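Here's the letter readout for the chains.
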Amino acid sequence: MGQDPSTIRQQVEGTRERMGETVEALAYKADVPSRAKDSVSGRVDSLKAKVTGATPDGDQVAGQAKRAVGVAQENPLGLALGAVALGFLGGMLIPSTRVEDEKLGPAADQVKDQVKDAAQTAAEHGKEAVSDAASAAGAAAKDAGQQHAQEAKSDLSQQGQQASEQFSPTS
C-alpha cells in the first residue's frame, strides 16, 4: 500500500535537483545581456587569436629587412637601374602642358615614345637583375646584375643615338 519513506525522500531529492537545473537553464536563457556578453567576448578572443597568428613577429620583419638590404648590397647597379626606370615611367605619366604641345608638337611625342621604350627596357633589365640577385647567391648574382646593367646601358645608348640622329639638324 505505501512506499518506503526513504524511497520517497530519494525521489523528492532527485526531483529537486532536476528542477534546480531546469530553473538555472531558464534563468540563463532569460538573461540576454549575459549571453550577448559571452558571445561577444568569445568572438573577440577568436579575432585576437587570428590577428596574432597573421601578424609577423619582430624577428620575421628583421629577417626580411636584412634580406632586402643584402640584395641591394649585392647588386646596387640593378637597384639603381630599377629606380631610374621607375622615375622615367613616373615622369612620363605626368601630362604635358599646353606650351610644350605648342612648341614641340609631334617631335615631343616621338621623343616621349622613345623615352618610354627606353624606360621600359631599363625597368625590365632592372627587374631581371633584382630577381637574379634574390635567387642566386654571392658572385653569381653580382655577375648577372652586371650583365643586365651592361645590356640596359647598351640598349639605352642605342636608343639615345637613334633619338639624337632623328632630331639632329641636317647639314
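Residues numbered from 1 in each chain as written. Predicted model: local features only at pLDDT ≥ 70, side-chain atom pairs only at ≥ 80, totals over all residues. Heavy atoms only, no water.

K.L.:
When you look at the overall build of the protein in this model, what are you seeing that I'm missing?
P.N.:
Assigned secondary structure in the protein consists of six helices and zero strands. The order of helices and strands in the protein, counted from the N terminus, is α-α-α-α-α-α. Burial statistics for the protein: of 171 residues in total, 13% are counted as buried. In the protein, the proportion of contacts linking residues at least 24 apart, taken out of those at least 6 apart, comes to 74%. Accessible surface computed for the protein: about 13,000 Å², of which carbon and sulfur atoms make up 58%. (Helix = DSSP H or I, 4+ residues; strand = E, 2+ residues; numbered from the N terminus. Buried < 20%, exposed > 50% of the residue type's maximum accessible area, 1.4 Å probe, protein only. Contact = heavy atoms within 4.5 Å. Areas by Shrake-Rupley, 256 points an atom, 1.4 Å probe, with all protein chains shown as cover.)

K.L.:
Teacher, can you tell me more about the pattern of salt bridges here?
P.N.:
As a working rule, side chains carrying opposite charge can pair if their charged atoms are close by. Counted under the stated rule, the structure contains one salt bridge. Between Glu 13 and Arg 16 there is a salt bridge whose closest N-O contact spans 4.0 Å. Note that Glu 13 and Arg 16 are positioned in helix H1 (residues 5–30) at a spacing of three residues, about one turn of the helix. Classification of Arg 16 by relative accessible area gives exposed; the value is 57%. (Salt bridge = Lys/Arg side-chain N within 4 Å of Asp/Glu carboxyl O.)

K.L.:
It is not clear to me how the confidence of the model for the protein should be interpreted in this structure. Could you clarify?
P.N.:
A low pLDDT means the predicted coordinates there should not be read in detail. The predicted model of the protein has a mean per-residue pLDDT of 75, with 80% of residues at 70 or higher. Mean pLDDT per element in the protein: helix H6 (residues 138–167) is the minimum at 66, and H1 is the maximum at 88. (pLDDT = per-residue confidence, 0-100.)

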